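Inside the fold
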Amino acid sequence: MPILILLRHGQSLWNADNLFTGWVDVPLSERGRAEATIASCKLRDYRVDVCYTSLLFRAMETAVICLTECDDICGGKTPIFKHDADDPDWHGWDRYQVDPTKELPIFPSSKLDERYYGDLQGLNKAETAAKFGQEQVQEWRRSFDVRPPGGESLEDTMNRAVPFFCDRILPHLKQGDNVLISAHGNSLRAIIMYLDRLAPEEVPGLELMTGVPIVYDIDAQGNVVHKQVLDK
Ligand SMILES: O=C(O)[C@@H](CO)OP(=O)(O)O
């Protein structure tokens, strides 16, 4: 049965500084790279056939570390970025003679980017809570349909991430391929809402740790059969 691995990127430099990040393209911290390496070790008994990432570097960096630190995950294939996941008829500059048995495609897409945090990007989360109140900031961060000032709600994020998941990623699983998605707290939260059939009121309690893989078994109809969080 095919598996789907969801991996929130490792700690970024702005996670470490407790800053709202959103679409700001901040790289991993040293700890974040270590978390991605640990994720790679935890996944050594799995095989990945295709990988999707957001367009943000912290997710791509996490994917590369995860796929290359423990070579077994790729089953001897070379991970290669395919730079236009949104265009199914990609005829780009990186065309070459493809032997599909030798390569593991990585498709980056902005549809998997973190939620856009608008005016909050770059602000310290604790200072913002002190200024606007803990409750208001928690509502901006964890409610389903409330937008932070100038930014996206989780619902907005879901409206781009879940159709992409259904149109582009689910077909791989239905044809038996194992898939890794390296993305973000909120884009993955949206996909988990869809997979776990969570109601909006169940979402505030859903927290994803950086660098911790979540492994789903998916049946031929695309339904979840089993879910395991590799947090040990
Ligand atoms: O700052 C962000 O982009 C996200 C993830 O780090 O924060 P939050 O946990 O508030 O969704």
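Going along each chain's sequence as written, the residues are numbered from 1 onward. The model is predicted, so local features are restricted to residues of pLDDT at least 70 and side-chain atom pairs to those at 80 or more, both for listing and for counting; the totals for chains, interfaces and linings are taken over all residues.

1. What about unusual backbone geometry?
Even without a glycine there, the phi angle at Asn18 is positive, about 60°. Every helix listed is a DSSP run of H or I at least four residues long, and every strand listed is a run of E at least two residues long, numbered separately from the N terminus. Among the structural elements, Asn18 can be located in the loop between helix H1 (13–16) and helix H2 (30–42). The phi dihedral of Arg197 is positive, around 55°, even though this residue is not glycine. Counting through the fold element by element, Arg197 comes out in the loop between helix H7 (185–196) and strand E6 (213–218). With C-beta atoms placed from the backbone, a residue is labelled by how many other C-beta atoms lie within 10 Å of its own: buried for 20 or more, exposed for 12 or fewer, partly exposed between the two. Overall, the presence of 9 C-beta atoms within 10 Å leaves Arg197 in the exposed class.

2. Concerning H2
Each α-helix turn comprises 3.6 residues. Residues three or four places apart therefore point the same way. Between its first and last C-alpha atoms H2 spans 19 Å; for 13 residues at 1.5 Å apiece the expected length is 18 Å, and the two agree. For H2, the full list of buried residues reads Gly32, Glu35, Ala36, Ala39, Ser40 and Lys42. Down the axis, H2 shows its buried residues gathered within 165° of arc, on one side only. Opposite the buried face of H2, by more than 90 degrees, sit the exposed residues Glu30 and Cys41. To estimate the expected span of a helix, count its residues, drop one, and scale the result by 1.5 Å. Of all possible arcs, the one meant is that of the directions from the helix axis to the C-beta atoms.

3. Concerning the pairing of E6
Of the pairings in the sheet, the one linking strand E1 (residues 3–8) to E6 comprises five bridges and is antiparallel in character. Its bridge partner lying in E6, Ile3 is registered against Asp217. By this definition, two strands are paired if DSSP reports at least two bridges between them. Here E6 runs beside strand E7 (residues 224–229); their pairing, made up of five bridges, is antiparallel. Bridging across to E7, Ile218 finds its partner in Val224. What sits between the antiparallel neighbours E6 and E7 is a turn of five residues, in which Gly222 has the positive phi angle 90°.

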